[in-house]
Amino acid sequence: MTEQLIDLLSRVESAEGGREIHDPATGELVGRTPEASPEDLDQAVARVRAQQPGWAGRSDAQRAEFLEAAADAVEAHAEELARLLSREQGKPLNGPNARFEVGACAAWLRATAQFRLEPEVLVDDDSAKATLHWRPLGVVGAIGPWNWPMMISIWQIAPSLRQGNTVVIKPSGYTPLSVLALVEVLNTVLPEDVLIAVPGRGDVGQALSRHPGVDKIMFTGSTQTGKSIIKDAADTVKRLTMELGGNDAGIVLDDADPEAIAEGLFWGAFINTGQTCAAMKRLYVPDALYDQVCEALVDIAHKMPMGVGLEEHNVLGPLQNSSQWEIVDRLVTAAVDSGARVLTGADPDPDRTGHFYPTTLIADIDPDNELVTEEQFGPALPIIRYSDLDQAIEWANSLEQALGSSVWSSDPERAEGVAARLIAGTTWINKHGAVDPRMPFGGARQSGFGLEFGVEGLKEVSQPHIISR
Ligand code: NAD
């Protein structure tokens with residue numbers, strides 16, 4: 001482990017009055033987090049604001065080089081970061097989890113370094129010449145969730161820095177150490193005070209959203225918190241990117257091959273033990289394939305070990321916190337009480353250590369059941385039977401949240417036709433939740449607004465400026 005990380009971890013472990021952070025799998029102490037006071041926040045904003053003109057004054061190519069260097073630094077510290085992430089968040093090292101997340105941080109930094117947002121000539125004729133330029137906004141406030149704390153931080157930091165903004169980042173109160181460590185690693189290569197972390201809970205996020213020295217909030221988290229931030233940002237007319245909650249539908253078409261799609265369906269729903277914004281949270285399956293799809297999913301579920309993240313064979317972990325465990329348990333209990341059929345799971349161990357909830361598949365569930373209509377954000381998938389595709393599409397489109405969706409079929413053209421009728425930010429075909437730095441990502445309806453990734457993502461952290469003569 002590097003000196004900086006040892007130093008950071010010993011500081012957080014010994015932080016006087018710092019709040020204890022426990023491993024959700026074992027209950028062991030991971031460290032203590034400092035909490036930013038209002039004065040700390042003011043100072044952080046003032047410091048990054050002071051550095052912003054100098055950072056924006058560097059060439060675009062130089063800022064891209066800094067992002068490449070940041071990716072190198074993440075890769076050099078990848079294993080320590082993954083282990084800390086696993087202990088604090090709970091996700092296993094292997095599978096699409098901690099090592100995968102740290103790898104994605106480096107990949108997104110490199111991809112963001114490659115994108116270019118060039119000025120655009122809008123009009124050039126006898127009447128006028130007008131050019132669209134993309135200027136930095138100034139200071140970006142980043143507020144993130146606890147499910148993918150490092151990767152989502154990079155999604156906010158990388159484009160902001162690339163476009164000449166400086167950043168104050170407020171990690172989730174559940175997973176601050178992961179983000180503090182990541183920021184520490186990034187700051188081994190970034191100039192001083194272009195990126196500062198302010199650990200704390202909702203009150204710090206609220207103060208950041210209201211802060212007059214902050215020009216934009218990039219927020220990823222629940223729809224409920226997003227609504228509150230939209231109100232708090234109004235007085236200073238901040239720019240906003242809102243990546244909010246999802247309740248993604250997957251629709252299997254009657255020409256699909258259940259065996260061929262089962263593993264993709266499973267990971268589409270259970271990636272990060274279901275704690276993923278764009279995970280598949282409800283699955284609609286036609287009568288003709290219903291039993292086969294259910295059986296194939298149960299077979300896979302039984303093969304995927306759940307347990308303590310640092311044990312190399314595990315690919316599913318605990319819920320990150322007890323509040324989320326309670327939500328999953330309440331929704332599964334409501335489903336069972338309604339008469340839905342338990343295919344596997346739904347039987348949490350009363351003597352468990354840690355916030356483990358068993359991998360749960362629920363069949364023959366009413367389309368209006370709470371487990372279908374509310375975001376469970378955990379390892380429980382309702383499988384809804386349909387006999388009429390139009391009805392399934394109507395159900396899929398019936399909720400306020402519309403982040404992602406997916407269509408599963410042996411005929412991709414037919415699947416695209418169904419996809420076109422779904423309301424969502426992204427609809428995947430024969431996969432679910434496969435984010436890619438080259439493809440803009442964002443929500444429809446109450447899943448938010450604004451886009452991340454690609455050149456569209458760079459525009460979100462830039463002020464359009466037209467020069468006309
Ligand atoms: P959350 O809304 O509870 O918390 C997110 C962040 O907001 C945390 O840092 C929290 O401290 C902060 N916060 C809380 N109250 C605040 C306030 N009043 N003002 C400002 N900040 C405040 O969300 P969570 O439980 O950490 O994350 C889970 C949710 O995030 C799920 O709904 C999930 O779907 C969503 N999510 C969305 C995306 C996406 O890209 N759309 C990605 C990941 C997670």
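Because the structure is a prediction, the values reported are computed rather than measured. (Residues numbered from 1 in each chain as written. Predicted model: local features only at pLDDT ≥ 70, side-chain atom pairs only at ≥ 80, totals over all residues. Heavy atoms only, no water.)

Considerations on the layout of surface pockets
Reasoning step 1: In this structure, the second largest pocket spans a volume of roughly 390 Å³.
Reasoning step 2: Residue lining of the second largest pocket: 23 residues in total, with Phe100, Ile271, Gly433, Ala434 and Val435 positioned closest to the centre.
Reasoning step 3: Mapped by element, the contributors of at least two residues to the lining of the second largest pocket are helix H5 (98-114), helix H6 (149-162) and helix H10 (258-270).
Reasoning step 4: Considering every element that reaches the lining of the second largest pocket, the biggest residue donor is H5, with four residues.
Reasoning step 5: In terms of residue class, the lining of the second largest pocket is made up of 16 nonpolar, six polar and one charged.
Reasoning step 6: Lining the lining of the second largest pocket are residues from two domains, each supplying at least three of them: domain 1 (3-244 + 447-468) and domain 2 (248-429). (1 Å grid on protein atoms, 1.4 Å probe; cavity = no way out; pocket = protein on both sides within 12 Å on 5 of 7 lines; lining within 4 Å. Points joined across faces, edges and corners; volume = space filled by probe spheres on them. Helix = DSSP H or I, 4+ residues; strand = E, 2+ residues; numbered from the N terminus. Nonpolar A, V, L, I, M, F, W, Y, C, P; charged D, E, K, R; others polar. Domains from an automatic or database assignment.)

Concerning the UniProt feature "domain: Aldehyde dehydrogenase" (unreviewed entry) in the protein chain
Reasoning step 1: This chain's UniProt record puts "domain: Aldehyde dehydrogenase" (unreviewed entry) on residues 19-464.
Reasoning step 2: Between the C-alpha atoms that bound residues 19-464 there is a distance of 42 Å. The span itself is 41% helix and 20% strand. (UniProt positions renumbered as here; feature names shortened; annotations may be inferred.)

Focus: empty space enclosed by the protein
Over the atoms, a rolled probe matching the size of one water molecule traces out where space is still vacant.
Reasoning step 1: Applying the stated rule across the entire model yields five cavities of 30 Å³ or more.
Reasoning step 2: Approximately 60 Å³ is the volume found for the largest cavity.
Reasoning step 3: Trp108, Thr112, Phe115, Trp155, Pro159, Phe453, Gly454, Gly457 and Leu458 are the residues that line the largest cavity.
Reasoning step 4: Those elements giving two or more residues to the lining of the largest cavity turn out to be H5, H6 and helix H16 (454-460).
Reasoning step 5: The greatest single-element share of the lining of the largest cavity, amounting to three residues, is contributed by H16.
Reasoning step 6: Residue composition of the lining of the largest cavity, by class: six nonpolar, three polar and no charged.

Some thoughts on the pattern of salt bridges
Reasoning step 1: Under the defined criterion, the tally for this structure stands at 29 salt bridges.
Reasoning step 2: The salt bridge involving aspartate 193 is made with arginine 47; its shortest N-O contact spans 2.8 Å. On the criterion of sequence distance, the pair formed by aspartate 193 in the loop between helix H7 (176-186) and strand E7 (195-197) and arginine 47 in helix H2 (residues 38-57) is long-range, its members being 146 residues apart.
Reasoning step 3: Residue aspartate 193 is classed as buried on the basis of its relative accessible area, which comes to 14%.
Reasoning step 4: Using a relative accessible area of 40% as the deciding quantity, one classes arginine 47 as partly exposed.
Reasoning step 5: The salt bridge involving glutamate 75 is made with arginine 110; its shortest N-O contact spans 2.7 Å. Placement of glutamate 75 in helix H3 (residues 60-76) and of arginine 110 in helix H5 is noted, with a sequence separation of 35 residues between them.
Reasoning step 6: Several salt bridges converge on common partners, so that one network encompasses Asp60, Arg63, Arg116, Glu118 and Arg162. (Salt bridge = Lys/Arg side-chain N within 4 Å of Asp/Glu carboxyl O. Buried < 20%, exposed > 50% of the residue type's maximum accessible area, 1.4 Å probe, protein only.)

Some words on the domain arrangement of the protein chain
Accessible area lost upon the coming together of the parts is a frequently used measure of interface size.
Reasoning step 1: The assigned domain composition of the protein chain is domain 1 (3-244 + 447-468) and domain 2 (248-429).
Reasoning step 2: For domain 1 versus domain 2, the separation of C-alpha centres amounts to 30 Å.
Reasoning step 3: On the side of domain 2, 29 residues touch domain 1, which itself brings 26 residues to the contact.
Reasoning step 4: Counting the surface lost from both domain 1 and domain 2, the interface buries some 2300 Å², and carbon and sulfur atoms represent 56% of this.
Reasoning step 5: Of all residues in domain 1, Pro24, Trp146 and Ser447 give up the largest surface area on contact with domain 2, accounting jointly for 24% of the area buried on that side.
Reasoning step 6: At the junction of domain 1 and domain 2, the tally comes to one salt bridge. (Contact = heavy atoms within 4.5 Å. Buried area = accessible area lost by both parts, 1.4 Å probe.)

Details of a nonpolar patch on the surface
Reasoning step 1: A surface patch of nonpolar side chains, amounting to about 230 Å² of accessible area, comprises Leu122, Val123 and Ile466.
Reasoning step 2: Within the fold, valine 123 resides in strand E3 (residues 120-124).
Reasoning step 3: Look at valine 123 and you get partly exposed, because its relative accessible area is 32%. (Patch = residues over 30% accessible without salt bridge, like charges linked within 9 Å, V, L, I, M, F, W, Y side chains within 5 Å. Areas by Shrake-Rupley, 256 points an atom, 1.4 Å probe, with all protein chains shown as cover.)

Notes on the site of the ligand
Reasoning step 1: In the vicinity of the ligand, 30 residues are found, and the nearest of them are Gly144, Ser222, Thr225, Leu244 and Glu375.
Reasoning step 2: A distance of 2.8 Å separates an oxygen atom of the ligand from a polar atom in the side chain of lysine 170.
Reasoning step 3: The separation between a nitrogen atom of the ligand and a polar side-chain atom of serine 228 is 3.4 Å.
Reasoning step 4: Within the complex, 87% of the 850 Å² of free accessible area of the ligand lies under protein.
Reasoning step 5: Mapped onto the shell around the ligand, the elements with two or more residues apiece are helix H8 (202-210), strand E8 (216-220) and helix H9 (223-232).
Reasoning step 6: It is H8 that provides the largest number of residues to the shell around the ligand, a total of four residues.
Reasoning step 7: By residue class, the composition of the shell around the ligand is twelve nonpolar, 14 polar and four charged. (Near = heavy atom within 4 Å. Polar contact = N/O pair within 3.5 Å; in protein donor to acceptor, adjacent residues only side chain to side chain.)

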